[in-house]
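# Survey of secondary and tertiary structure
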Amino acid sequence: MISEIRLRRAHIDLVSPFRTSFGVETARDLLYIEVHGDGVTGWGECTAMSEPMYSSEYVDGCEAVIRRFLLPHVVGGTTAESFTKSVAGIRGHYMAKAVVETALLDHQLRCDGVSFAKFLGATQSRVRSGVSVGIQPSIDDLLHVVQKYLDDGYLRIKLKIEPGFDIEPVRAVRRTFGDALLLQVDANSAYHVNDAAHLAQLDDFNLLLIEQPLPEEQLAAHAELAKLVHTPICLDESILSVEVARDALAIGACSIINIKPGRVGGYLEAKKIHDLCFERGVPVWCGGMLETGIGRAANLALAALPGFTLPGDTSASARYFQRDVTSPFVLRDGHLDVPTGVGIGVDPDLNYLDSITSRRDVLTVAR
Ligand SMILES: [Mg+2]
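Residues numbered from 1 in each chain as written. Predicted model: local features only at pLDDT ≥ 70, side-chain atom pairs only at ≥ 80, totals over all residues. Heavy atoms only, no water.

## Some details on the overall build of the chain
Rule in force here: Runs of E in the DSSP output that reach at least two residues are strands. Runs of H or I that reach at least four are helices, and both are numbered from the N terminus. Each radius of gyration is computed over the set of C-alpha atoms, and the globule rule expresses the reference value as 2.2 Å times the number of residues to the power 0.38. Should any heavy atoms of two residues lie within 4.5 Å, those residues are counted as being in contact. Charged residues are defined here as Lys and Arg on the positive side and Asp and Glu on the negative side; His and the ends of the chain fall outside this count. We put the charge of a Lys on NZ, of an Arg on CZ, of an Asp on CG and of a Glu on CD.
Regarding its fold elements, the chain presents twelve helices and 13 strands. For the chain, whose C-alpha radius of gyration is 20 Å, the value lies close to the compact-globule estimate of 21 Å for 367 residues. Across its three principal directions, the C-alpha atoms of the chain cover 60 × 40 × 35 Å. Taking all contacts inside the chain whose residues are at least 6 apart in sequence as the whole, residues at least 24 apart take part in 73%. Side chains of the chain carry 35 positive and 47 negative charges; the gap between the two charge centres is 4 Å.

So this is what it looks like as structure tokens:
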């Protein structure tokens, strides 16, 4: 039985600034939910950023929604499944819902002695690791950064692009590192469908995919773009639920999907999107939101499902942080191991986590 929920806010610096078409991140403004009961603690990490730039959600907003609208749905016997049904009438707020659902799921799986990987249906014990490379001040800087990640052993490179930093950087990376490099780009909604002819220049570079070229609401425009560009279109920001995924595939808005549990309300919905895509032979891969070890552990379990046929953005801890809040995830031979322990399979280093925590509130739940 759940006896207490704790909400924790913390701050951790990134090892280097991460620039995308919507802004620069230099640190993670963290929100964790802890579910306590029967001597067991379940953990969830919120994927929202400090500002509503990747999506409409942001971390302070998530905290407000969790306190006012979501936690009243948690009582002693609440499960991840019952919570998700109970909050279905609350529109949107996927990242807020996801962190609560994940903490509930971690708690119940730890109590049942089952790992996330087993619960979700993972078929792999380690997953291929790619890395997302932020927009750099110059092409020379970009080539140095890519070289460093390839030296680390990453198996796939994703370049963040924006208008003014797209065709030439991709050309330079392809020319420097050769045709065998698994390479893709992510625009984070920075283009307009009228840019189709410009984006079609990327067809020369044999990319795995172009991720989220247009704003998230524009499914039909993505379908139009997909007819004008040969490189496969992958959607990230647009895919908020299995229903949107079904619609996007039905109209040809994308042929690949980036699954982020935070963006779709949690792991239960993420698994439904995986299952839909797997049935239809649509490749999926697991994106990242600069998660610490708590969020990363659960993502690795998801990325070990059979439909995750492309390397994800599940990179090693060292790509993001000097020191992670759990034992670090280490790249071995280009792969990360999927945790096998119960629940998410990792425990935070509480002394370290407390040292970066700014606030921790205890919220008692109704029986
Ligand atoms: Mg993306």
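## Some thoughts on helix α5 (residues 139-152)
We apply this condition: How far a helix is expected to stretch is found by multiplying one less than its residue total by 1.5 Å. The buried label goes to any residue with under 20% of its type's maximum accessible area, the exposed label to any with over 50%, and the partly exposed label to all in between, with areas taken from a 1.4 Å probe on protein chains only. Working note: the arc is built from the helix axis to C-beta atom directions. The definition of a polar contact used here is a pair of N or O atoms within 3.5 Å, where within protein one atom must be able to donate a hydrogen and the other to accept one, and adjacent residues in sequence count solely through side-chain atom pairs.
The end-to-end C-alpha distance of α5 is 20 Å, a good match for the 20 Å that 14 residues give at a rise of 1.5 Å each. When α5 is considered as a whole, its buried residues turn out to be L142, L143, V146 and Y149. For α5, the arc enclosing every buried residue in end-on projection is 130°, short of the 170-degree limit, so these residues lie on one face. Turned more than 90 degrees from where α5 packs its buried face, D140, H144 and D151 sit exposed. Along its buried surface, α5 packs onto β5 (130-133), β6 (156-160) and α6 (167-177). With a side-chain oxygen positioned 3.4 Å from the backbone nitrogen of D140, the residue opening α5 is S138. Downstream of α5 by a residue or two, G153 has a phi angle that is positive, lying close to 110°.

## What about helix α11 (residues 293-303)?
Across the eleven residues of α11, eleven count as buried, placing the element largely inside the fold. Those residues of α11 lying buried are G293, I294, G295, R296, A297, A298, N299, L300, A301, L302 and A303.

## So, the coordination of the magnesium ion
Stated formally: Excluding water, the donors of a metal are its N, O and S neighbours within 2.8 Å, or within 3.2 Å for Na, K and Ca, and that exclusion means sites may look incomplete.
Within the first shell, the magnesium ion binds the protein through D186 (OD), E211 (OE) and D236 (OD), at distances of 2.1 to 2.4 Å. In primary sequence terms, the donor set of the magnesium ion follows D-x24-E-x24-D. Here D236 lies in the loop between β9 (233-235) and α9 (242-250) and D186 lies in strand β7 (residues 183-186), a separation of 50 residues in the sequence.

## Looking at the sheet that holds strand β13 (residues 357-364)
Heads up, the condition is: We call two strands paired when DSSP finds no fewer than two bridges between them. To obtain each axis, a line is fitted to C-alpha atoms, and for helices this fit is confined to the stretch in contact; angles are then taken between N-to-C directions over 0 to 180 degrees.
Spatially, four strands are ordered β3-β2-β1-β13 in an open sheet, and the strand pairing comes out antiparallel. The open sheet has two free edges, formed respectively by β3 (40-45) and β13, since each of these has just one partner strand. Averaged over neighbouring strand pairs, the angle between their axes works out to 25° when direction is ignored. With seven bridges connecting them, strand β1 (residues 4-20) and β13 associate as antiparallel partners. Looking across to β13, one finds that R8 is bridged to R360.

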